[in-house]
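As a plain string of letters, each chain reads:
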Amino acid sequence: GEDGEEKQDNMLWLTTDGRKASLDFRLINPETKDNPKSKINQAIRRIRKLWSRIPNSVQLVFCDISTPGTEGFTVFDYMKSELIRLGVPEEEVQFIHVWEDEREEFREQVKEAEIRIAFLSTTKGGTGLDMPDRVIAIWEIDVPWNPIQLEQREGRGIRHGNQFDRILLYRCITAGVNG
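Residues numbered from 1 in each chain as written. Predicted model: local features only at pLDDT ≥ 70, side-chain atom pairs only at ≥ 80, totals over all residues. Heavy atoms only, no water.

Asks: Hey, could you run me through the pattern of salt bridges in this one?
Replies: Working definition: two side chains of opposite charge can pair if their charged atoms are close together. Applying the stated criterion across every chain yields a total of 9 salt bridges. Between Arg 116 and Glu 92 there is a salt bridge whose closest N-O contact spans 3.8 Å. Remark: Glu 92 occurs in the loop between helix 3 (75–85) and strand 2 (93–95) and Arg 116 occurs in the loop between helix 4 (103–111) and strand 3 (117–120); sequence separation between them is 24 residues. For the residue pair Arg 116 and Glu 92, the accessibility class agrees, reading buried in each case. The partner of Asp 133 in a salt bridge is Lys 111, with the nearest N and O atoms 4.0 Å apart. (Salt bridge = Lys/Arg side-chain N within 4 Å of Asp/Glu carboxyl O. Helix = DSSP H or I, 4+ residues; strand = E, 2+ residues; numbered from the N terminus. Buried < 20%, exposed > 50% of the residue type's maximum accessible area, 1.4 Å probe, protein only.)

Asks: How should the pairing of strand 3 be read in this particular structure?
Replies: Along any regular strand, the residues point their side chains to alternate faces of the sheet. Side chains of strand 3 alternate between two faces, with Ile 117 and Phe 119 and Ala 118 and Leu 120 buried alike. Two strands pair when backbone bridges link them, and strand 1 (residues 58–62) and strand 3 are joined in this way by 4 bridges, in the parallel orientation. For Gln 59, the partnering residue across the bridge sits in strand 3 and is Ile 117. Where strand 2 lies against strand 3, 3 bridges are found, and the strand directions are parallel. Looking at the pairing, Gln 94 lines up with Ala 118 of strand 3. (Pairing = 2+ DSSP bridges.)

Asks: Before we go on, may I ask you to explain helix 3 in this structure?
Replies: Residues three or four positions apart in an α-helix share a direction because the helix packs 3.6 residues into each turn. Of all the residues in helix 3, the buried ones are Val 75, Phe 76, Tyr 78, Met 79, Lys 80, Glu 82 and Leu 83. In the stretch just after helix 3, Gly 87 is the one whose phi turns positive, near 105°.

Asks: Looking at this structure, I do not really get the sheet that holds strand 4 (residues 135–140). What am I missing?
Replies: The strands making up a sheet associate through backbone hydrogen bonding, with each pair oriented either parallel or antiparallel. Spatially, the 5 strands line up as an open sheet ordered 2-3-1-4-5, and their pairing is parallel. Strands with a single pairing partner mark the edges of an open sheet, and in this sheet they are strand 2 and strand 5 (168–171). Strand-to-strand twist in this sheet, taken as the mean axis angle between neighbours without regard to direction, amounts to 15°. Across the face of the sheet, helix 2 (residues 39–53) comes into contact with strand 1, strand 3, strand 4 and strand 5 while running at roughly 175° to strand 4. (Axes fitted to C-alpha atoms, helices over the stretch in contact; angles between N-to-C directions. Contact = heavy atoms within 4.5 Å.)

What is shown is where atoms sit, not what they do.
Below, the structure is given as structure tokens:
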């Protein structure tokens, strides 16, 4: 009946908001102050550090929540602006979503490490995007619902043809929320 549907709707709302809050609380309340210790900010600092230490390498950053085109605060836009603020050239930080009509050009620029930090979602970059040549790290900012999607994401770098014998896999989690 209606009570069952209402409970199901409440669970979906709670689950969705819980996923958003664990990613960045500004997705729930844009007035929330930035937390320098958040997983997003820690990832930004580590991505920047790896970018500076290993030239001609590529980092793939996966996130399915808060992708470009979403109204208000978005994780993609925030991370890109912070990386640029920290000295990464804007042309080296790109969203696959912006390249929708030029997907092959995006792939080529990633393959040649002209784009060194590529932001992807599982649907836009988890399958059918062959670019293994210079992947040094894969960042999973959020965890997808289906475990097979983790394999799809990781398959963008863990494959024959990658110049690096080993790559770094980062699964970013939220252990606790303070303030």
